[in-house]
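The residues making up each chain are set out below.
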Amino acid sequence: MLWSLTKVILFVVLVAALALGAGLLSETGETMRLTVAGWEFTIGPVQAAVLALMIVIAVWLLLKALGLVGASFRFLNGDETAISRYFDRNRERKGYRALSEGLMALASGEPRLALSRAQNAERLLGKPELTTLLVAQAAEAAGDRKRATEAYKTLLRDDATRFVGVRGLLQQKLADGDREVALKLAEKAFELRPGHAETQDILLKLQSDSGDWSGARTTLGAKLRAGTLPKDVYRRRDAVLALQQARTVMDDTASIEAREAAIEANRLSPDLIPAAAMAGRGYLAKGDKKNATRVLKKAWEVLPHPDLAAVFAEIEPEESPQDRLKRFRTLTNARPDSDETRMLLAELLLATEDFPGARRALDDIATRAPTQRSLAILAAIARGEGAEDSIVRDLVARAIAAPRGPQWVCDKCQAIHDGWQPICENCGSFDTLSWRTPPATSSSPALAELLPLMEARHGPRPEPLVAEDEPLPPDEITRRAN
């Protein structure tokens, strides 16, 4: 308000000053005579001032006209001028409008419109780092895979957009099922952005699927350094990868260094049952029975498991049933209340023909949580105690129809696996298999597989416990169990 009033006052003062000056000039009575081409002009002071002002304005207009002519010539010649900048600003404004409309169309689920606007923006702006990605995504959403691939390849040419181009091509190869090329692209993307969480996950999955356990452990370490993986989860998964790395070298010709990989896996995660079992065998291969016993006992304290008992039996494969029962107290005394411990102890007592002791060890497992294994053990006990043949047949029939019991089950999709593995074959999840009772199924394995401890011993496979026409004596049952 004050500034507006000030401007009005200044304008009035200026007009008054000009009027006063004009009045003073006119009162002087002086004149100016100009002779041009034989013509003589007489003008007063006021007319002279106006003429001078018109001459200044004319000169200024002439200079502007000459500048316009020069700018037009330079514009036609391709040089940057005010005219070219005007058209550039107009083109840029249209380009950004097309880019904005393309983004909105893509977000609204209109890929065809988005692709059209993206191509207009690409033509108007000339900035591939902005428009080419939109073209690629819109083409992909519209189903134009060829156009999308070309756009992603265009992004590879610029350092600033190379990672985006590699990532786009990687997603395409994953969708096509070309995992070999996808692995190479994932490695390149990881090289460009080692801390990118999605790239780390994809690369880890592809490396695990291809059996590149060493590379997978490197990627897992990068996830830990990037802060995308808790340290305890890292140690567990690194142990899983170390275990798989050990599995690839655990054969008769494997070196001592290779066998140490299994021991390293157990050190990283002592509660990983397969790692403990393999570490135990690794120590046995070196003749170190003491450390093998220590590893298996520690793992048994965490989770009693038949695989651990099988490896523990391999420590002294030629021992008598009585000696085995005594040595196995190391395990059975560690977790005496576990169902797995009770069934293991019952099997060991069966081998010594202590059928009442086996029944006491089995306790109420066969009635409280009947499984094929517990009912098979109960049938063997009944046969050893001289029970009637019909009772033994009934127990065997119940064993065939009963659930198998704890197995390796995926926590994500509930798929059952014959043995532990790092990746679920059904859903592809990593480190999701746990030892637990799965949902009831109609499948029933051979009863010969129900005594894993006895099968782990060297020698011929045990004969299945089936009902026969004539009852078998207890010593024959014990012989078959062994």
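Note that the structure is a prediction, hence the values are computed from the model and not measured. (Residues numbered from 1 in each chain as written. Predicted model: local features only at pLDDT ≥ 70, side-chain atom pairs only at ≥ 80, totals over all residues. Heavy atoms only, no water.)

Enquirer: So what about the overall build of the protein chain? Which residues, and what values?
Expert: From N to C terminus, the protein chain includes 24 helices and five strands. Relative to its full complement of 482 residues, the protein chain shows a buried share of 39%. Taking contacts inside the protein chain between residues at least 6 apart in sequence as the whole, the part at least 24 apart equals 50%. As displayed, the protein chain offers around 26900 Å² of accessible surface, 57% of which is attributable to carbon and sulfur atoms. (Helix = DSSP H or I, 4+ residues; strand = E, 2+ residues; numbered from the N terminus. Buried < 20%, exposed > 50% of the residue type's maximum accessible area, 1.4 Å probe, protein only. Contact = heavy atoms within 4.5 Å. Areas by Shrake-Rupley, 256 points an atom, 1.4 Å probe, with all protein chains shown as cover.)

Enquirer: Account for the layout of surface pockets, naming residues and giving values.
Expert: When its volume is computed, the second largest pocket comes out at roughly 190 Å³. Surrounding the second largest pocket, D201, L204, K205, S208, K223, R237, I423, G428, S429 and F430 form its lining. Among the elements that make up the lining of the second largest pocket, the one with the highest residue count is helix α9 (residues 197-210) (four residues). Classifying every residue of the lining of the second largest pocket by side-chain character gives three nonpolar, three polar and four charged. (1 Å grid on protein atoms, 1.4 Å probe; cavity = no way out; pocket = protein on both sides within 12 Å on 5 of 7 lines; lining within 4 Å. Points joined across faces, edges and corners; volume = space filled by probe spheres on them. Nonpolar A, V, L, I, M, F, W, Y, C, P; charged D, E, K, R; others polar.)

Enquirer: How would you explain unusual backbone geometry if you had to name every residue and give the values?
Expert: Apart from glycine, the bulk of residues carry a negative phi angle, and the bulk of peptide bonds sit in the trans form. Notably, E353 is not glycine yet its phi reads approximately 65°, a positive angle. With relative accessibility at 41%, the residue E353 sits in the partly exposed group. Phi is positive for D431, which is not a glycine, with a value near 55°. By relative accessible area, which is 18% here, D431 ends up buried.

Enquirer: Would you mind going over the sheet that holds strand β5 (residues 433-436) in detail, with residue names and values included?
Expert: With antiparallel pairing, the three strands of this open sheet are ordered in space as β4-β3-β5. The open sheet terminates on both sides in strands that have one partner only, identified here as β4 (416-417) and β5. Of the strand pairs in this sheet, strand β3 (residues 407-410) and β4 are connected by two bridges, and their pairing is antiparallel. Counted as the bridge partner of V409 is I416 from β4. (Pairing = 2+ DSSP bridges.)

Enquirer: Please set out the packing of helix α14 (residues 289-302) against helix α15 (residues 306-314) residue by residue, giving values where relevant.
Expert: Contact geometry for α14 and α15: axes closest at 10 Å, N-to-C directions at 160°. Compared by their axis directions, α14 and α15 come out roughly antiparallel. Two packed elements cross with a definite hand, and for α14 against α15 that hand is left-handed. Along the contact surface, α14 presents T293, L296, A299 and W300, while α15 presents L308, A309, V311 and F312. Residue classes in the contact of α14 with α15 are distributed as seven nonpolar, one polar and no charged. (Axes fitted to C-alpha atoms, helices over the stretch in contact; angles between N-to-C directions. Parallel < 35°, antiparallel > 145°, perpendicular 65-115°, else oblique. Left-handed = near helix turned anticlockwise from the far one by under 90°.)

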